[in-house]
Amino acid sequence: MDIKEFINNFAEQFDDLDAATLTPETEYMALDDWNSLVALSVIAMIDEEYDVTLKGNDIREAKTIEGLYNTVCQKM
Amino acid sequence: MAFIELKNVRIAGIAAGVPKRIEHTKDNPGISSEYDVDEFIKSTGVEQRRYDDIHTTSDLCCAAAERLIEDLGWDKNEIEALIFVTQSPDYLTPATACIVQDRLGLSKECYASEVELGCSGWVYGLSHVASLMTTGCIKKALLMAGDAKFIMPIPDPLASNAGTVTALEYEEGNEGFKFHFGTDGSGWDAIYIPDGGGRNGVSAKSLELEEVNGRMMCRLQSRMNGMDVFAFAISTAPKSIKKAMEHFGKTFDDIDYCILHQANLQIDEVIRGKLKLPEEKVPYSLRKFANTSSATIPITINTELRGKIENKRTRFVCCGFGIGLSWGTVIFDTENIVLSELVEI
């Protein structure tokens, strides 16, 4: 897997968010459209695409998309 | 591996009691400071819930039981065991099961006990009742399961009130129930009520409001770490179902219906996808009845399958998962099951 694909998968969890506006450094919890329902979709996407089960703390502590990507990589 | 097989017991009937009062999700625009009501409905699937602050779980269960006993034509004196599954008892002590024995007018020669579990509770309760009955010592028993009025109202529109009754009877040669169970107590605080038990007791602080997940609530109200529960549910429930099917040599082609705990639509749809089951095999009651804790599986069978399964042999796999963290899967067949009309009080 690569981070570009991860960013695209991440962006798809929002109703209307252009993946081009996201970078590895994006702090996702600061995004206008981020909320706890989107967080659940992100957890489901990571479970389905990467077969990794995250905890709530993983989402809260990773901060950036790259941080979350690294967390997923470590658990794969 | 907690696999258990209990033979010679069948489900004779299922009834469900709910409050008459309907609360429409759309009428609750201030559902959360984090998201709006349309997003909530899209994600959870919950369009309405049955909710009042009058009826306790035992009120709903007793109303359903009266109806089911009449529909089955059972004599109350023949009922020798009662298991009551709830996390919202009438009193902290004694066990609600004892109160219900008297209230329903069951014989004093009655085994009555409580199970304090939530989402997994109906499956666990079935194993308790079937264990008592499998040798034939007890011929007729009731399993009551549900949650309703708690010590403090629950502000979560996902939570709904219901009390169900499952009637079980001894039948020699019946294939009975095949179970898989699991527990992970490290997630005990994923869903919990902080105060009011022996650990924290009740103090003036218990009533102070604090913001939890975008809602104001006090320490006597149930709170949930949604992300942890979600991640647990979508990974553990499908595994438990697959383990049970494999262990007992069943395939999904053999199954007529897979009844999932009605956690929320998003969770249940992920599980259904992982099991590759078509929509028609996985009925949902959560749009109308929301998440009724240990009542979700029997209320789904009662309300969604009434008129469809009574006269034919039907094979189920059911999975309850959640608070505890606790989970259980059961495989069983029904034939000539009585599904009483919904009881609204």
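Rules behind the numbers
- Residues numbered from 1 in each chain as written.
- Chains lettered and ligands numbered in written order.
- Predicted model: local features only at pLDDT ≥ 70, side-chain atom pairs only at ≥ 80, totals over all residues.
- Heavy atoms only, no water.
- Contact = heavy atoms within 4.5 Å.
- Buried area = accessible area lost by both parts, 1.4 Å probe.
- Salt bridge = Lys/Arg side-chain N within 4 Å of Asp/Glu carboxyl O.
- Polar contact = N/O pair within 3.5 Å; in protein donor to acceptor, adjacent residues only side chain to side chain.
- Helix = DSSP H or I, 4+ residues; strand = E, 2+ residues; numbered from the N terminus.
- Buried < 20%, exposed > 50% of the residue type's maximum accessible area, 1.4 Å probe, protein only.
- Pairing = 2+ DSSP bridges.
- Axes fitted to C-alpha atoms, helices over the stretch in contact; angles between N-to-C directions.

A. Representation of the interface of chain A and chain B within the structure. Across the boundary between the two partners, chain A contributes 17 residues, which contact 17 residues of chain B. Around 1,400 Å² of area is buried between chain A and chain B when both sides are counted, 58% of it from carbon and sulfur atoms. Among the residues chain A hides against chain B, the three largest losses belong to Leu37(A), Leu40(A) and Asp47(A). Together they make up 36% of the total. Put simply, chain A and chain B have two salt bridges between them. Measuring nitrogen to oxygen at the nearest pair gives 2.5 Å for the salt bridge that ties Asp47(A) to Lys274(B). Here chain A is connected to chain B by five residue pairs in polar contact (both at pLDDT 80 or more). Elements represented by at least two residues in the side of chain A that touches chain B include exactly helix H2 (36-50) and helix H3 (56-62) of chain A.

B. Quick look at the environment of Asp75(B). All names here are of chain B. Within the secondary structure layout, Asp75 lies in the loop between helix H2 (57-72) and strand S5 (81-85). Relative accessible area serves as the criterion here: at 38%, Asp75 is assigned to the partly exposed category. In this structure, the C-alpha to C-alpha distance between Asp75 and Val270, residues 195 residues apart in sequence, is 44 Å. There is a polar contact of 2.9 Å between the side chain of Asp75 and the backbone nitrogen of Asn77.

C. Summary view of the sheet that holds strand S9 (residues 177-183) of chain B. Residue and element names in this part refer to chain B. The five strands lie next to each other as S1-S9-S16-S15-S14, forming an open sheet whose pairing is mixed. The open sheet is flanked by strand S1 (2-6) and strand S14 (257-260), the only strands paired with a single partner. Put simply, the sheet's adjacent strands are angled 15° from each other on average, direction ignored. Lying on the sheet, helix H5 (residues 226-247) is in contact with S1, S9, S14, strand S15 (314-322) and strand S16 (326-334); it crosses S16 at an angle near 40°.

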